[in-house]
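# Descriptive analysis of the structure
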Amino acid sequence: MSLLEFENVTLRFGGVIAVNDLSFSVKKGEVFALVGPNGAGKSTAFNLISRFYQPTAGQIHFDGHDLLSHKASDVAALGIARTFQNNELFDHSTVLQNLLIGRHRHRKTNFLAEIFFTPSVRKAEIQNREMVEEIIEFLDLQPYRDKMIAGLPYGVRKVVELGRALATGPKMLMLDEPASGLSVEETTDMRWWIDDIRRQMGITVLMVEHDMGLVSNVSDRVLALADGSKLAQGTPAEVQTDPAVLKAYLGEVA
Amino acid sequence: MRVHFKTSYNQDIRLFEDKWTLFVYSLLIILSFLMPYILDVFYLGEMTNVLIWAIAGLGLMLLTGHTGQASLGHAAFLALGCYSYAILVQKGVPFLIAFPLSSVITGVVGMIVAIPALRLRGIYLAIATLAMSILVDDVIVLAEPFTGGVSGIFSEPIFLFGMEIDRWGTPIAFYYVALVTIIIVTFGYANIMRSPLGRSFVAVRDSEVSAQAMGVNIARTKMISFGLSCAITGLAGALMGLFAGIFNNETFSVVISIQLLMMIVIGGLGSIHGAFFGAIIIGFLPQFLSISKEYVGDFIGGSAVAIPGLEFGVFGMILIAFIMFEPNGIYGRWVKIRTWFELFPFYRKGMFKRQKSFLKTERLQ
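Here the structure is a predicted model, which means the values were calculated and not measured.

What follows is about the overall build of chain B. Summing up its helical and strand segments, chain B has 15 helices and four strands in all. The C-alpha radius of gyration of chain B comes to 22 Å, within 12% of the 21 Å expected for a compact globule of 365 residues. By principal-axis analysis of the C-alpha atoms, chain B measures approximately 55 × 55 × 45 Å. Of the contacts formed within chain B by residues at least 6 apart in sequence, a portion of 74% connects residues at least 24 apart.

Structure (structure tokens):
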């Protein structure tokens, strides 16, 4: 059963076609990777799902909902969480506070109750912390719990961003280049985490990644894009040997 | 160095992180309640002034320091709070209703103003709110039947529990009114900052894009921030009117807006402490200058000299010095000093050095 469905989605910025008549679907419980050269429209596809961009034409469905009828701030409530290519953390907050923001979509108390910090607010806060603490344990973030983001190394920030997305309790996790800027060791960790997220938590993963090693290790299916259009789709091995993909990456044999 | 070994989630949530902090702040509150027995009437009046400025500072801190929306229009909301309170009291509304009501009125108007203003960001928002500050001057003159126009109106003394409270007749009681107000406001503020609302404010300040992806409704969050900020500022305005006694269109000029913003920058953006530190500087500096002017006058061997614009010159210099040497304000400096003592002798110079910030995602909107 497909969780996310792109139907003939096109996005134009003036004369530039960023995404061209793109159709694909992501099945529940799989790891689906988007690959392609720079400017292929991978991040644009993410931003379309996040509702930062409005498609020029086409339909996007998520879990039986028409995604295009939702605002950007309501996407999280449907069960979609994401990370960003270049970290978008809240720099002047601690790791714990960053993860707690992830719980925002589960907020049930209103601001008046929060001003007086009523017992119900306290109860909700404790619940939030219990959830967040599980994620801290899952991602081994204990040493950084009360550290400011501004002082953390890049690799840790990437993990915090993954944690923040997980804290929302999503159905689908979108990872925008989870391994970019990571060391070999950190990339291996990331690989096991993605595996665990899918197997233990049952979360569908949609990711954009350039590291083909990581892609072929974790993903079930791969979609290769170039210039906003679909080049090839299939298992990692199939896509890597596809002539159209080779041509887009390496050029033609002279 | 104090190490916190946490054994429950409540420990993480509570307002004071340990018994020592609780003790220090309790001592501070007790001390401020004993102030009337320590200070003479003149300095008590100055203290009251500082408290009122601190309330206004808390108002602006919520919006600028924690939500990241610069406002140069908060004098307009001070005026609104002040006039709405004075007019309500003139109509016979008792203090205990008129005071919170003036705050609610200011908050609601603030929210309405926020709707168009929130389409703007950064410097453009500052300019739009600056315009509001200038506009309010004319509005007060035009609405003469209510506001008394250029000749101004009086804020009647407070009648509370059968007592008449005003700044000159019963300075001690008036000090307590300001003190209780600021304690309540600070308590509410601290509660906001430890709940989802406060976190969403900070999220909007630090990255709108990812706040949105986490399900924070940016427009609504900014509106609530604007509303709460203005509501607090309204309280400060009502107290300012009572403190001044009489006020007109010129009492709440643009200069007050700028002073407010300066105050929270000097105090330290993004901290409750900053509003208090800033208010102490803004509140006491004029007195400090006039006293030191006398000494200088004596020293040179003449009468006290009047130097036009001295106060603003010194304010400006302090502001420049802070932006250059301590952008985190007095509170930032205080945190460093505290850390030095806590970690002695292991403090390193680079500990608070600003980290290289990694590239942010290109702004989408």
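For any two helices packed against each other, the geometry is given by the interaxial angle and the distance between the axes. All names here are of chain B. Running from N to C, helix α3 (residues 41–66) and helix α8 (residues 171–193) point in directions that differ by 25 degrees, and their axes come no closer than 9 Å. Our classification of the angle between α3 and α8 gives roughly parallel. Along this stretch, α3 crosses α8, giving a crossing that reads as left-handed. Between α3 and α8, the contacting residues are V41, L44, G45, M47, T48, L51, I52, A54, I55, L58 and L62 on the first element and P171, I172, F174, Y175, A178, L179, T181, I182, V185, T186 and Y189 on the second.

Turning our attention to the interface of chain A and chain B. Quite often, the size of an interface is put as the accessible area lost when its parts meet. Taken together, the contact between chain A and chain B spans 39 residues of the former and 33 residues of the latter. Those elements that provide at least two residues to the side of chain A that touches chain B are α2 (75–78), α3 (95–102), α4 (111–116) and α5 (119–138) of chain A. For the side of chain A that touches chain B, the element with the highest residue contribution is α5(A), accounting for six residues. Each residue belonging to the side of chain A that touches chain B can be placed in one class, and the counts come to 16 nonpolar, 13 polar and ten charged.

So, about the sheet that holds strand β4 (residues 57–62) of chain A. All names here are of chain A. Here we have four strands laid out as an open sheet, ordered β2-β1-β4-β5, and antiparallel in their pairing. Sheet topology places β2 (16–27) and β5 (65–66) at the edges, where each strand pairs with a single neighbour. When strand β1 (residues 2–13) meets β2, the two strands line up antiparallel, connected through eight bridges. Along β2, the bridge assignment pairs E5 with S25.

Below, the discussion takes up the environment of B:L130. Residues and elements named next belong to chain B. If you trace the backbone, L130 turns up in helix α6 (residues 122–142). Classification of L130 as partly exposed rests on a count of 19 C-beta atoms within 10 Å. In this structure, the C-alpha to C-alpha distance between L130 and I158, residues 28 residues apart in sequence, is 32 Å.

Moving on, we get to the pairing of strand β7 (residues 172–176) of chain A. Residue and element names in this part refer to chain A. Of all five residues making up β7, five are buried, and the element is well covered by its neighbours. In β7, alternate side chains face the same way, and those of M172, M174 and D176 on one face and L173 and L175 on the other are all buried. Note: strand β6 (residues 80–82) against β7, three bridges, orientation parallel. Note on β7: the bridge partner recorded for A81 is L173. Pairing geometry for β7 and strand β8 (residues 204–208), over five bridges, is parallel. For L173, the partnering residue across the bridge sits in β8 and is V205. Following the backbone out of β7, through helix α7 (residues 184–199) and into the adjacent parallel β8, one traces a crossover that is right-handed.

Moving on to the confidence of the model for chain B. When the pLDDT values of chain B are averaged, the result is 85; 92% of them are 70 or greater. Listed scores for the predicted complex are pTM 0.88 and ipTM 0.89.

All names here are of chain A. For helix α6 (residues 154–167), built from 14 residues, the straight-helix expectation of 20 Å at 1.5 Å per residue is met to within 8% by its first-to-last C-alpha distance of 20 Å. Burial of α6 is extensive: eleven of the 14 residues sit out of reach of the surface. Buried-residue contacts for α6 involve β6, α3, α5, β7 and α7. Downstream of α6 by a residue or two, G169 has a phi angle that is positive, lying close to 65 degrees.

We now examine the packing of α3(A) against α5(A). Residue and element names in this part refer to chain A. Two elements in contact, α3 and α5, have axes separated by 10 Å at closest approach and are oriented at 115 degrees. Viewed along their axes, α3 and α5 adopt a mutual orientation that is roughly perpendicular. In the packing of α3 onto α5, the handedness of the crossing is right-handed. Taking contact as the criterion, the partners of L96, L99 and L100 in α3 are, on α5, N128, V132, I135 and I136.

Criteria and thresholds
- Positions within a chain are numbered from 1, following the residues in the order the chain's sequence is written.
- Think of it this way: whatever chain is written first is A, whatever ligand is written first is 1, and the rest follow in order.
- Totals for whole chains, interfaces and linings use all residues, but because this is a predicted model, local features are given only for residues with pLDDT of at least 70 and pairs of side-chain atoms are given and counted only at 80 or more.
- Secondary structure elements follow DSSP: runs of H or I no shorter than four residues count as helices, runs of E no shorter than two count as strands, and numbering proceeds from the N terminus.
- Radius of gyration here uses only the C-alpha atoms, and the compact-globule reference equals 2.2 Å multiplied by the residue count raised to the power 0.38.
- By the convention adopted here, residues make contact when the C-beta atoms placed from their backbones lie within 7 Å.
- In this analysis an axis means a line fitted to C-alpha atoms, helices contributing only their contacting stretch, and an angle means the value between N-to-C directions, from 0 to 180 degrees.
- Angular relationships are summarised with four words: roughly parallel below 35 degrees, roughly antiparallel beyond 145, roughly perpendicular across 65 to 115, and oblique for the angles in between.
- Two helices crossing with the near one rotated counterclockwise from the far one by less than a right angle form a left-handed crossing, whereas a clockwise rotation gives a right-handed crossing.
- When residues are sorted by character, Ala, Val, Leu, Ile, Met, Phe, Trp, Tyr, Cys and Pro go into the nonpolar class, Asp, Glu, Lys and Arg into the charged class, and all the rest, Gly among them, into the polar class.
- A pair of strands is labelled paired if DSSP reports no fewer than 2 bridges between them.
- Whether a residue is buried, exposed or partly exposed follows from its count of other C-beta atoms within 10 Å of its own C-beta, namely 20 or more, 12 or fewer, or something in between, respectively; the C-beta atoms are built from the backbone.
- Here, the term right-handed applies to a crossover whose path from the first strand over the helix to the second runs clockwise when the strands point away from the viewer.
- The predictor attaches a confidence to each residue, and that confidence, scored 0 to 100, is pLDDT.
- To estimate how far a helix should reach, multiply one less than its number of residues by 1.5 Å.

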